[in-house]
Amino acid sequence: MSTAIINARIFDGEHVLDASTVVLEDTTIAAVGGEVPAGAEVVDAAGATLLPGLVDAHVHTNRASLALALRFGVTTQLEMQGTHTRGNRTSIEEDDTVADVRSSGFAITPPGGHPAELFPEGFRPGPPPGARPPAGPPPVMPFSTTPEQAAAFVPQLIETGSDYIKFMVDDGSVEGHPGLPVLDRATLTAGVAEARARGMLTVAHALTLDATRTAIDAGVGGLAHLFMDRPHTPEIIEQIAAAGAFVVPCVVLNASMMGITGAELAADPRVASRLDDAWLHTLGSSFDRYPQGDLDDVLASVKALHDAGVDILVGTDTSVPLPFVGGLAHGASVHHELQYLVRAGLTPVAALRAATSTPARRFGLDDRGRIAEGLRADLLLVDGDPTTTISDTLNTRAVWRRGARLADQGGRDSAA
């Protein structure tokens, strides 16, 4: 079946196009521009902007959260610690009522290292609800204290379906658990080298400037957080840029850690109408673990990185179960992050790239993140023009996932 979206302003993931028509055929984009095929269902997008489906490049999720994200036009979530690895998400890949997902599986960290302090003693990860349990013994957390252990865990993570390999470089000082064990430089470097030798993207959790420097020295491909313990220096910006690493700042998470709530976002009717009471309460609260932080410093670091040519990716670190981290909500916080990036000094177009084409490119998702012939028909149609007014991303008119228009766009009775 064909669908023709006409009279749209089209942001293709990189630029605003001269074309105003996009034709969908089944699950893919059949044409950008040109004539409306005979018999096509026509969607008149006059007064609206068509965007690629948004990508949240840092989440911890479940099926209900994937559904909630999709209602906000987030068509892909990138899990940075969890169980939605290959083989555990077959039903999700075919379900156009939820966002698609990719996953690191569980991150390499020392015994007792972050995030082990968040799990009950003896915790062993299992598949998400509804997934087929894997054959063989239950998976083992990739706790590593030596270079040999870290390197040995990499092929195991690949075999169990990790899409990229994550490393934790965190002594717990920012989260209120100072003194946690941390991967030493040799162990981190060995693990990163093994992953890169096997063609895997590597990402690092680092919340301090020193941890960031260690991760970049080890050769990681991207940073899943932006340091918040001090202002940036020219040296760290130059180091990240020279390494070619990307950064997922998760400004919304840093703000929450500093005690800044998402109450203003929660009060926006475009958000409140799509969240239930539990999510609204969570969004209106904060994590408040690092009140001495300075959000202006974080925003200045984002701008300095962007000006240095570092790829910035939109991510939120929104989690489950409720209320694990206050100040955040699946889907809604992506729009909040976009607003923070513009507040930091990025143009609305640059911020939109950070939620579409850039994460798709950096995570090797070549079938999405742009509006182009032959790609997945993951699309978000919003009233207004977010390429000039970034908050217009919340003016949802329609969402498509693989060409299927989402019938349920939210409402307090249906938000999960």
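One numbering rule holds for all chains: residues counted from 1, following each sequence as written. Confidence filtering applies because this is a predicted model: local features only for residues at pLDDT of at least 70, side-chain atom pairs given and counted only at 80 or more, and all residues used for totals across whole chains, interfaces and linings. To get the side-chain values, all heavy atoms of the structure are used, and hydrogens and water are removed first.

It is worth spelling out the domain arrangement of the protein chain at this point. Often the size quoted for an interface is simply the accessible area lost on bringing the parts together. Partitioning the protein chain into structural domains gives domain 1 (1-53 + 368-407) and domain 2 (54-367). An automatic or database domain assignment supplies the start and end points of every domain. Put simply, the middle of domain 1 and the middle of domain 2, counted by C-alpha atoms, are 28 Å apart. On the side of domain 2, 39 residues touch domain 1, which itself brings 30 residues to the contact. Summed over both partners, buried area is the accessible surface (1.4 Å probe) that two parts give up on being assembled. Across the domain 1/domain 2 interface, buried area totals approximately 2800 Å², and carbon plus sulfur atoms make up 56% of it. If you sort the residues of domain 1 by the area they bury against domain 2, R368, L394 and R401 come out on top, with a joint share of 32%. Just to be clear on terms, a salt bridge is a Lys or Arg side-chain nitrogen sitting within 4 Å of an Asp or Glu carboxyl oxygen. Summed over the shared surface of domain 1 and domain 2, the number is eight salt bridges. Salt-bridge contacts for D100 lead to R401; the nearest nitrogen and oxygen are separated by 3.8 Å. Residue contacts are counted whenever heavy atoms from the two residues lie within 4.5 Å of one another.

This part takes up the sheet that holds strand β10 (residues 165-168). At least two DSSP bridges between two strands are needed for those strands to be called paired. Secondary structure is summarised from DSSP: a helix means a run of H or I of at least four residues, a strand means a run of E of at least two, and numbering begins at the N terminus for each. Taken in spatial order, the four strands make up an open sheet running β10-β11-β12-β13, and their pairing is parallel. Lying at the two open borders of the sheet, with one neighbouring strand each, are β10 and β13 (246-247). Both strand β11 (residues 202-205) and strand β12 (residues 222-223) contribute to a ladder of two bridges, which runs parallel. What sits directly across from V203, in β12, is G222.

Quick look at the sheet that holds strand β14 (residues 379-383) now. Spatially, five strands are ordered β2-β6-β14-β15-β16 in an open sheet, and the strand pairing comes out mixed. The open sheet is flanked by β2 (9-10) and β16 (404-405), the only strands paired with a single partner. Here β2 runs beside strand β6 (residues 48-52); their pairing, made up of two bridges, is parallel. Pairing of R9 across the sheet is with T49, part of β6.

As a further point, take the nonpolar core. The set of buried Ala, Val, Leu, Ile, Met, Phe, Trp, Tyr and Cys residues whose side-chain atoms join them within 4.5 Å is what this entry labels a nonpolar core. The buried label goes to any residue with under 20% of its type's maximum accessible area, the exposed label to any with over 50%, and the partly exposed label to all in between, with areas taken from a 1.4 Å probe on protein chains only. Core analysis: the biggest nonpolar cluster contains 92 residues, and I108, M228, I240 and F363 have the highest contact counts within it. Residue contributions to this core peak at six residues, all from helix α11 (residues 295-307). For this core, the domains that each give at least three residues are domain 1 (1-53 + 368-407) and domain 2 (54-367). Residues contacting I108, with those up to four places away along its chain left out, are P142, S144, A150, F153, V154, L157, I165, K166, F167, M168 and L183. Formed by 16 residues, the second largest nonpolar core is a distinct cluster that contains V43, I371, L381 and W400.

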